Amino acid sequence: MKIVVCVKQVPDTSDIKWTENNTMIRDGVESIMNPFDEYAVETAIRIKESNPDSTITVLTMGPPQAKDVLKRAIAMGADDAILISDRKFAGSDTQATSRTLAKAIKEKIGNFDLIICGQFAIDGDTAQTGPSIAEHLGLAQVTFAKEVESTNGNTLIAKREIEEGLQRVEMQLPGLICMLKCDYEPRMPAIKGVMKANRMQIPEFGMEDLGLDNEDVGFKGSPTWVSKAFRPETRGAGELINIDDPKQAACVLLEKLIESKVLV
Ligand code: FAD
């Protein structure tokens, strides 16, 4: 099976800072592989372990330093990697990002059986990229997946999380699956894998290499406009009125609401 895993480099912090254009400042912030993508890579490796003739290609779109997450995936057990990088991609929203990733898969990988994404990136957190890639490529998709139970290269059986519990679904391949946190932990890279990753020359492609133009990428290719980005104010802890008699409790609550000028 030919498996493609999309991985994203994200800031290792919840203290996000913004530019005047409301895009995230990434310089000077330590970066990691998006945690959901670690599960995507682990899932691909597990599929390869039960289908040994499989290959795993990892793909990221980001600045040159995003190569680090590709190297981590190689060190974990992926076979090869592709970096999609170009200054012209700056300002891409999820539509432009997924369009670019889908084009990269089509142009630079060609045939594949399965694309695995994380469900969410912990910075952007829209959960739109995976499903949008599937739409651009006309693929079936399974979202909110917790586990790939089995695959024979033609179909795949997965468990996905729904409100009522778990749902078992079968998908025709080629298809795309978005992974949540699984019951198994992603493996740590072994020394041999780290050495392989350090030796590997990772190919890099830009906008023109993918046959895209300025209208497809960056701000021009992005229908989303962020008008404001802000951190919601944190509210203090609530106060519990611990009185058994409901009438008395209601009177105390009323007094407090008047005191705090919520009611006048
Ligand atoms: P999600 O959809 O939550 O991610 C789900 C999964 O998709 C991930 O787990 C991963 O498997 C895959 N995935 C997501 N992104 C990538 C990727 N880049 N490579 C490989 N796989 C991926 N971001 C910038 O870095 N620079 C900018 O200048 C910039 N400008 C923006 C301008 C606008 C107007 C908007 C709306 C967003 C901008 N962004 C920018 C954010 C960027 O669009 C998102 O980070 C990107 O589209 C992914 O969306 P997400 O973070 O919500 O990922």
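Everything quoted here is computed from the prediction, not taken from an experiment.

Q: How would you summarise the overall build of the chain if you had to cite specific residues and measurements?
A: In terms of regular secondary structure, the chain is built from 6 helices and 11 strands. The dimensions of the chain, computed from C-alpha atoms along their principal axes, are 70 × 45 × 40 Å. The proportion of buried residues among the 264 residues of the chain is 43%. Within the chain, contacts between residues separated by at least 24 positions form 70% of all contacts whose residues are at least 6 apart in sequence. Of the accessible surface of the chain, which amounts to about 15300 Å², a share of 50% is contributed by carbon and sulfur atoms. With 31 positive and 40 negative side-chain charges, the chain shows a spacing of 3 Å between the two charge centroids.

Q: Report on helix 2 (residues 67–76), specifying residues and quantitative values.
A: Looking only at helix 2, the buried set comprises Val 69, Leu 70, Ala 73, Ile 74, Ala 75 and Met 76. Phi for Gly 77, located one or two positions after helix 2, is positive at around 145°.

Q: Could you give an account of the packing of helix 3 (residues 94–109) against helix 4 (residues 129–137), with specific residues and numbers?
A: It is at 8 Å that the axes of helix 3 and helix 4 come closest, and there the two elements cross at 55°. Put simply, helix 3 runs oblique to helix 4. The handedness of the crossing between helix 3 and helix 4 is right-handed. Here Thr 94, Gln 95, Thr 97, Ser 98, Arg 99, Leu 101, Ala 102, Ile 105 and Lys 106 of helix 3 lie close against helix 4, whose contacting residues are Thr 129, Ser 132, Ile 133, His 136 and Leu 137.

Q: Please set out the site of the ligand residue by residue, giving values where relevant.
A: Near the ligand you find 31 residues, and of these Lys 8, Asp 37, Gly 91, Ser 92 and Thr 126 are the closest. A distance of 3.0 Å is found between an oxygen atom of the ligand and a side-chain nitrogen or oxygen belonging to Thr 97. Counted by class, the shell around the ligand contains 11 nonpolar, 14 polar and 6 charged residues.

Q: Give a detailed account of the sheet that holds strand 4 (residues 55–61), specifying residues and quantitative values.
A: Taken together, 9 strands build an open sheet; the order of strands is 9-8-7-10-6-1-4-5-11 and the sheet is mixed. Among the strands making up the open sheet, the edge pair consists of strand 9 (165–172) and strand 11 (204–205). Bridging between strand 7 (residues 140–151) and strand 10 (residues 175–179) involves 4 bridges; their strand directions are parallel. Residue pairing for strand 10: Val 142 is matched across the bridge by Ile 177. Where helix 1 (residues 35–50) meets the sheet, its contacts fall on strand 1 (2–6), strand 4, strand 6 (114–118), strand 7 and strand 10, and the angle it forms with strand 6 comes to roughly 150°.

Q: I'd like to hear about unusual backbone geometry, residue by residue, with values.
A: One can expect most non-glycine residues to show negative phi and most peptide bonds to be in trans. In this chain, Leu 173 is followed by Pro 174 through a cis amide linkage whose omega measures 0°. One can find Pro 174 in the loop between strand 9 and strand 10. Phi at Ala 127 takes a positive value of approximately 60°, unusual for a residue other than glycine. Relative to the elements of secondary structure, Ala 127 occurs in the loop between strand 6 and helix 4.

Procedures and definitions
Residues numbered from 1 in each chain as written. Predicted model: local features only at pLDDT ≥ 70, side-chain atom pairs only at ≥ 80, totals over all residues. Heavy atoms only, no water. Helix = DSSP H or I, 4+ residues; strand = E, 2+ residues; numbered from the N terminus. Buried < 20%, exposed > 50% of the residue type's maximum accessible area, 1.4 Å probe, protein only. Contact = heavy atoms within 4.5 Å. Areas by Shrake-Rupley, 256 points an atom, 1.4 Å probe, with all protein chains shown as cover. Lys, Arg positive; Asp, Glu negative; His and termini not counted. Charge placed at Lys NZ, Arg CZ, Asp CG, Glu CD. Axes fitted to C-alpha atoms, helices over the stretch in contact; angles between N-to-C directions. Parallel < 35°, antiparallel > 145°, perpendicular 65-115°, else oblique. Left-handed = near helix turned anticlockwise from the far one by under 90°. Near = heavy atom within 4 Å. Polar contact = N/O pair within 3.5 Å; in protein donor to acceptor, adjacent residues only side chain to side chain. Nonpolar A, V, L, I, M, F, W, Y, C, P; charged D, E, K, R; others polar. Pairing = 2+ DSSP bridges.

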